[in-house]
Amino acid sequence: MAFEYQRSYQRASPPGPTIESSRDGSNGPLVETVLPWVIIAVGVVVRLRWYLAQRSLWYDESMVALNILSRSFAELAQPLDYDQGAPVGWLWLCKVATLALGSDELALRVVPLTFGIIALVAVHGAARTMLGPWPAVIAVGLFALLERQLYYATEVKQYAGDIAFTTLIVWAGATVAQQGLRARNGLTLLVVGIVAIYCSHPSVFVLAATGGTLIVTEIIHRRRRAAVMLGAISAVWLANFAVTYFALTGASLRANERMMDYWARGFAPLPTAWGSINWYINAGLHLFDRKVGALGDAAALAAALFILGLIAVWRRDRRLTALLALPIVLVVIASLGRLRLYAFHERLLLFLTPLLVFGIAAGIHYIWSIPHRRARIAAGVLAALLLVRPVYGAVDSMMRPPTVEELRPVLDKVEARVQPNDTVVLYFGAEPIFRYYIKHHAYPALASLPVTVTSSFDGKAYLDAEAELLTLPRRPRVWFILAHPRDWSGFDDEKFYLMTLDRIGTRIEQHSARGASATLFDLA
């Protein structure tokens with residue numbers, strides 16, 4: 001396929017500050033070149049620290065891991081067990097990693113780690129292409145140590161891949177916008193888009209925004225050949241999306257009512273009343289809060305800087321503004337309650353983080369570019385406010401890497417203490433984690449014991465749960481193993497189950513770690 005070079009259309013910047021690079025002094029170019037890579041190196045080191053800490057798999061991870069380890073490549077293209085959903089390309093990459101490296105936590109997390117590092121490098125490249133050298137320094141500085149970015153780069157879930165492909169697509173699209181369509185950048189855009197479709201579900205929003213923006217630009221400027229070539233690229237993307245949606249697992253995810261109910265809070269109401277408008281305001285701020293992984297508790301400040309950044313980018317090149325803003329608009333449309341195509345909620349929005357960071361970086365740099373000393377002080381203060389929490393969290397995590405549900409060290413202790421006639425009772429939330437560790441780690445004594453799994457009652461059925469515990473075999477040594485306990489309106493399962501077992505038996509010993517425990521009871 002041949003691509004035609006087209007000179008990119010550049011809007012003339014109006015008077016006043018822009019987001020172009022500002023260089024003060026002869027050291028400017030050196031700092032612009034070296035500083036981002038220093039920041040990237042720090043980000044990589046922190047990610048490796050989290051990865052090598054090898055925390056236990058938690059509930060969600062264990063369910064994905066069991067699918068990856070127990071299924072063939074063909075079976076991974078079918079609906080997954082445990083109501084899980086992940087892109088087939090990402091699952092295949094993880095399968096390859098486990099075949100090559102084994103079945104432990106490090107092998108399962110090497111693909112997310114790789115995508116996390118790719119995203120970190122790509123954020124700098126994309127920001128430099130779109131915004132210039134100094135905004136790129138700001139962007140990679142904001143992104144490198146975000147807590148959610150560190151966490152999902154070391155979790156057996158697909159979200160690090162979503163973030164990486166968002167950044168790569170925008171980078172490829174911005175390159176075409178800036179340079180015009182050429183053979184090399186056109187082929188890059190095509191290939192990145194195809195791979196993204198198989199490895200990242202929400203990449204379709206970024207691809208639609210990128211392809212649409214580039215095509216409309218070429219049509220407006222009557223560059224028909226370039227518009228046709230970009231249309232062909234988009235058609236190839238659409239064909240591959242159809243394969244992933246209809247032939248693989250996409251349609252089955254939407255048909256999964258349990259999963260749709262779980263994400264129900266993320267489906268947007270029609271903006272017809274104040275209550276529904278308030279949903280959009282809260283959802284917009286939610287994009288920037290700590291749960292999504294943007295910039296800590298300063299959600300309103302981050303949102304204001306993002307809007308200012310969009311304005312600054314708009315003054316320079318409207319196409320780049322579309323690349324940053326349109327994916328967000330498309331996700332909101334897809335989340336409308338009548339469509340229910342995608343939930344505008346929590347970790348499903350992580351893929352938007354690079355776009356938010358780009359806008360915020362552009363906003364900070366716009367303030368810095370105002371020719372007044374107070375403006376530069378203000379820009380520095382704003383950047384510091386956004387950086388203080390990520391930096392503090394990263395420093396703390398280097399000394400104490402975070403944990404979630406540490407069942408493995410608990411099982412290590414139980415394995416050393418079990419006797420041949422012991423019995424195991426599993427809290428239902430611990431079942432997939434227990435299954436993973438018993439099958440793929442060395443726990444021969446535990447693996448030989450009979451296991452009973454408690455039922456999954458809802459938060460109003462404690463009488464049923466109590467009745468079930470009363471039917472347990474009256475044995476002198478019963479291990480109650482718990483992980484991923486639920487907390488229903490302040491009344492948590494762990495306290496309830498342990499209190500009930502204390503009432504019907506005698507506690508002998510207990511071993512606990514964060515989010516997990518094993519308690520030996522005499523129920524005879």
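A. Just the nonpolar core, in detail. In terms of nonpolar packing, the biggest core is built from 133 residues, with Trp90, Met130, Phe288, Phe358, Ile360, Leu446 and Ile481 touching the most fellow members. Non-local contacts of Ile481, meaning those with residues more than four positions away in its chain, are made with Leu407, Leu411, Val424, Val425, Leu426, Tyr427, Ala430, Phe434, Ser517 and Ala518. Counting residues in hydrophobic clusters, the runner-up holds 17 residues, among them Tyr462, Leu472, Val478 and Ile504.

B. Representation of the pattern of salt bridges within the structure. Overall, the coordinates contain 14 salt bridges when judged by the stated rule. Its salt-bridge partner being Glu509, residue Arg417 comes within 3.5 Å of it at the nearest N-O pair. Placement of Arg417 in the loop between α19 (407-415) and β1 (423-426) and of Glu509 in strand β6 (residues 506-513) is noted, with a sequence separation of 92 residues between them. Using a relative accessible area of 39% as the deciding quantity, one classes Arg417 as partly exposed. Across the pair Asp422 and Arg477 runs a salt bridge, and its minimum N-O distance is 2.6 Å. Linking Asp422 in the loop between α19 and β1 with Arg477 in the loop between α22 (462-470) and β3 (478-483), this pair joins segments that are 55 residues apart in sequence. On the basis of relative accessible area, Asp422 is assigned to the buried category, the value being 1%. Since its relative accessible area comes to 16%, Arg477 is described here as buried.

C. Expanded view of the packing of aromatic side chains. The final tally for this structure, using the stated rule, is 16 aromatic pairs. Summarising the aromatic geometry, the rings of Tyr436 and Tyr437 are spaced 4.7 Å apart at their centres and angled 70° between planes, so their arrangement reads as edge-to-face. Judged on exposure class, the residue Tyr436 and its partner Tyr437 are both buried. Grouped by ring-pair contacts, the aromatic residues Tyr427, Phe428, Phe480, Phe496 and Tyr497 constitute a single cluster. For the cation-ring pair, Arg148 lies above Tyr151, with the distance from its terminal atom to the ring centre recorded as 4.7 Å.

D. Quick look at unusual backbone geometry. With a phi angle near 55°, Gln54 is a residue other than glycine that sits in the positive phi range. Locating Gln54 in the fold gives a position in the loop between α1 (28-52) and α2 (59-70). A residue is classified by how much of its surface remains accessible, and Gln54, at 24% relative accessible area, is partly exposed. Positive phi is not limited to glycine here, since Asp83 has a value of about 60°. Residue position: Asp83 is located in the loop between α3 (73-76) and α4 (88-101).

E. A look at the environment of Leu472. The residue Leu472 is located in the loop between α22 and β3 in this model. Apart from the residues within four sequence positions on either side, Leu472 is in contact with Val425, Thr452, Leu501 and Leu523.

F. Highlighting the sheet that holds β3. Reading across from one edge, β2-β1-β3-β7-β6 is the order of the five strands in this open sheet, with mixed pairing throughout. Among the strands making up the open sheet, the edge pair consists of β2 (451-453) and β6. The mean inter-strand angle of the sheet, taken between neighbouring strand axes irrespective of direction, is 20°. Relative to β2, β1 runs parallel, the two being bridged by three bridges.

Here is what the cut-offs are and how they apply
- Residues numbered from 1 in each chain as written.
- Predicted model: local features only at pLDDT ≥ 70, side-chain atom pairs only at ≥ 80, totals over all residues.
- Heavy atoms only, no water.
- Core = buried A, V, L, I, M, F, W, Y, C linked by side-chain atoms within 4.5 Å.
- Buried < 20%, exposed > 50% of the residue type's maximum accessible area, 1.4 Å probe, protein only.
- Contact = heavy atoms within 4.5 Å.
- Salt bridge = Lys/Arg side-chain N within 4 Å of Asp/Glu carboxyl O.
- Helix = DSSP H or I, 4+ residues; strand = E, 2+ residues; numbered from the N terminus.
- Phe/Tyr/Trp six-rings, centres within 6.5 Å; stacked < 30°, edge-to-face > 60°.
- Lys NZ or Arg CZ within 6 Å of the ring centre and 35° of its normal.
- Pairing = 2+ DSSP bridges.
- Axes fitted to C-alpha atoms, helices over the stretch in contact; angles between N-to-C directions.

The values are spatial; any link to function lies outside them.
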